[in-house]
Structure formats: C-alpha cells, structure tokens
Amino acid sequence: MIQVQDIEFAYRSGGFRLRIASLRISAGEKVAITGPSGSGKTTLLNLLAGVLVPEAGTIVIDGVGVSQLPHEDRQDFRILRMGLVFQEFELLEYLTVLDNVLLPYRVSPVLIMDEIVRERAEDSVRDVGLGRKVKRFPGQLSQGEKQRVAVCRALVTQPSLVLCDEPTGNLDTSNRDHILQLLLEYSDSSGAPLVVITHDTELLHCFDRVLDSASWESETES
Ligand code: ADP
Ligand code: MG
C-alpha cells in the first residue's frame, strides 16, 4: 500500500516544481501513469522509490514513512522492498545476463544470495526466453532482450512494490506484451502494487487505474 500525502518537490537547480495532494495505491493494484513529457512522471517514480526526497509531505509504503528515513535506511528499503525498471535498462556491460539479474545481491549486504535465489534468477531468465543467453553480455543482446533482463532483475528480489519507467518503450508488440504480462502476473501473485509509466495507449486497459500526469500541479520555469 502506497500513501502519498501533500508532497512538494523541486529540483535544487530549480526549473521544476511538483505538488501532489493525495495518491493512494492499494496492495495488488496496477496503476499506469501517462501524460506529456516533462510533466513529472519520472520525478514521481523517483520520489516513490526514495531516490528523491520531497521538501514537504509524506510518502508511506507498507506503513514505513520512506521520505522520513535517513539516506542509508532509505537505500536499504529500496533494495529490499522495491523492484525498479529504468527507462535505459541500466545493465552493467561487464556482467553476464545472469549476473546482471543477480546484481541487487552483489551490491547490497542487506540481500543474501543463496542457491534458491540463484535458481530463481536462472528460472526467470529461462522464462523470458533467454535461457541460452545467460552467459552473454548486454552488448550481445537486442533491446528487447536487455529489457527482459531488466525486468528479471527487478523481480528477482521478490519486491513488495514494482515501479517501472516506460518498460516497454522501443519494443515490438510481442516482447512488449510478454514483459507486461510478467509484471502483471507478479503483481497478481505477490500482491505487490505495480506502477508503470507508459505512453502506449494500447496497454492502458490492462491496468486497474490510469493516472494522468497532466492533472498534477506542477510548474516549469525557464
Ligand atoms: P517526465 O518523466 O514526465 O517526462 P520528468 O519527471 O523527467 O518528466 O521531468 C519533469 C521536469 O523536471 C522536466 O521539466 C525536467 O526537465 C525536470 N528535471 C528532471 N530531472 C531533473 C534534474 N535532475 N534536475 C533539474 N530538473 C530536472
Ligand atoms: Mg520520464
């Protein structure tokens, strides 16, 4: 469950300010965020992920006031509890497919890697059709394949919240549908809320709710 109340955020360098009075997303709810470029969609996702911190207001996730946590705790909370899919995949070029999927376990001492985790990672890679490419490097993959690796990585920690920034941009229809299906099924089976930023109007019917970022109170100064 995500509860956002009266948040205000501005980038230090100025130029953009976002205010959101209230936003609630319940367990298992699937929410799409759509709206014009520059309207603060990625900013909100980073606020929910605790990458950015609001100047005022609260963000509570599963009873934890994320925006009030000290930096390190916020980072641990994110690694332990959230699955993030970034627009640019953020795969490490020098790691294989499998090691990229397992990356959260490599970078954080709060997650413990064991055989079960390793098997889960391998299963997920097979499930997205990359079973024969586990030892490949990102430079040897297509865009669609990279995107599938990014989704496997987001889900391998069995997160209690999944946040995706245009996870199906630049994909062909069958890859797009497959990735979306994976995310929706995970949300269904785990009860994790799923928040997806997307410009793809054909996908909106798959979600319980669609938020339009044009309705948020934001200011852009030049
Ligand atoms: P969207 O994802 O809806 O396209 P963003 O949340 O990325 O929009 O950006 C909202 C506004 O904030 C834009 O005007 C953008 O230029 C500005 N912005 C984004 N990131 C930064 C940053 N790191 N520093 C300053 N301004 C930023
Ligand atoms: Mg964006």
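Residues numbered from 1 in each chain as written. Chains lettered and ligands numbered in written order. Predicted model: local features only at pLDDT ≥ 70, side-chain atom pairs only at ≥ 80, totals over all residues. Heavy atoms only, no water.

1. Focus: the packing of aromatic side chains
Step number 1: A full pass over the atoms with the stated rule returns 2 aromatic pairs.
Step number 2: Consider the rings of F9 and Y11, whose centres lie 4.8 Å apart with planes at 90°: the pair is edge-to-face.
Step number 3: For F9, a relative accessible area of 6% corresponds to the buried category.
Step number 4: Note on Y11 and F16: the rings are 6.4 Å apart at their centroids and 40° apart in plane angle, and the pair reads as tilted.
Step number 5: Under the relative-accessibility criterion, F16 is labelled buried at 10%.
Step number 6: Three or more aromatic residues link up through ring pairs in this structure, and these residues are F9, Y11 and F16. (Phe/Tyr/Trp six-rings, centres within 6.5 Å; stacked < 30°, edge-to-face > 60°. Buried < 20%, exposed > 50% of the residue type's maximum accessible area, 1.4 Å probe, protein only.)

2. Overview of the sheet that holds strand β6 (residues 82-85)
Step number 1: If you walk across this open sheet you meet the 5 strands as β6-β7-β8-β3-β9, and the pairing is parallel. In the strand order of this sheet, the two ends are held by β6 and β9 (209-212), each with one partner. Strand-to-strand twist in this sheet, taken as the mean axis angle between neighbours without regard to direction, amounts to 15°.
Step number 2: Two elements, strand β7 (residues 161-165) and strand β8 (residues 194-197), share 4 bridges in a ladder whose sense is parallel. When the bridges of β8 are listed, D165 appears paired with I197.
Step number 3: Along the sheet, helix α2 (residues 71-81) makes contact with β6 and β7, crossing β6 at roughly 80°. (Pairing = 2+ DSSP bridges. Helix = DSSP H or I, 4+ residues; strand = E, 2+ residues; numbered from the N terminus. Axes fitted to C-alpha atoms, helices over the stretch in contact; angles between N-to-C directions. Contact = heavy atoms within 4.5 Å.)

3. Here's the deal with the pairing of strand β1 (residues 2-10)
Step number 1: The pairing of β1 with strand β2 (residues 16-25) spans 8 bridges and is antiparallel. Residue pairing across strands places E8 opposite R19, the latter belonging to β2.
Step number 2: With antiparallel pairing between neighbouring strands as the criterion, β1 and β2 make up a hairpin whose turn holds 5 residues, including G14 at a positive phi of roughly 80°.
Step number 3: For β1 and strand β4 (residues 56-61), the ladder comprises 5 bridges, and the chain directions are antiparallel. Along β4, the bridge assignment pairs E8 with A56.

4. Regarding the packing of helix α6 (residues 143-156) against helix α7 (residues 173-190)
Packed helix pairs are characterised by how far apart their axes lie and by the angle those axes make with each other.
Step number 1: Following both chains from N to C, one finds α6 and α7 inclined at 5°, their axes separated by 10 Å at the closest point. Looking at the two axes, α6 sits roughly parallel to α7. Between α6, through G144, Q147, R148, V151 and L155, and α7, the contact on the second element is made entirely by N175, H178, I179, L182, L183 and Y186.
Step number 2: Here the residues of the contact of α6 with α7 sort into 6 nonpolar, 4 polar and 1 charged. (Parallel < 35°, antiparallel > 145°, perpendicular 65-115°, else oblique. Nonpolar A, V, L, I, M, F, W, Y, C, P; charged D, E, K, R; others polar.)

5. Focus on the environment of A32
Step number 1: Mapped onto the secondary structure, A32 falls in strand β3 (residues 30-34).
Step number 2: In sequence terms A32 and S124 are 92 residues apart; their C-alpha atoms lie 24 Å from each other.

6. Brief notes about the site of ligand 1
Step number 1: The immediate surroundings of ligand 1 are formed by Y11, S13, F16, P36, S37, G38, S39, G40, K41, T42 and T43.
Step number 2: G38 is positioned with one of its backbone polar atoms (N or O) 2.7 Å from an oxygen atom of ligand 1.
Step number 3: Counting residues per element, the shell around ligand 1 draws most heavily on helix α1 (residues 41-48), at 3 residues.
Step number 4: Looking at side-chain class alone, the shell around ligand 1 contains 3 nonpolar, 7 polar and 1 charged residues. (Near = heavy atom within 4 Å. Polar contact = N/O pair within 3.5 Å; in protein donor to acceptor, adjacent residues only side chain to side chain.)

7. Overview of the side chain of R148
Step number 1: Position of R148 among the secondary structure elements: in helix α6.
Step number 2: Buried and unpaired, R148 has E145 as its nearest opposite-charge partner, separated by 4.7 Å.
Step number 3: Side chain to side chain, R148 and N175 meet in a polar contact 3.1 Å long.
Step number 4: Setting aside chain neighbours within four positions, we find R148 in contact with V128, G129, L130, N175, H178 and I179. (Lys, Arg positive; Asp, Glu negative; His and termini not counted. Salt bridge = Lys/Arg side-chain N within 4 Å of Asp/Glu carboxyl O.)

Just geometry here; none of it tells us what the structure is for.
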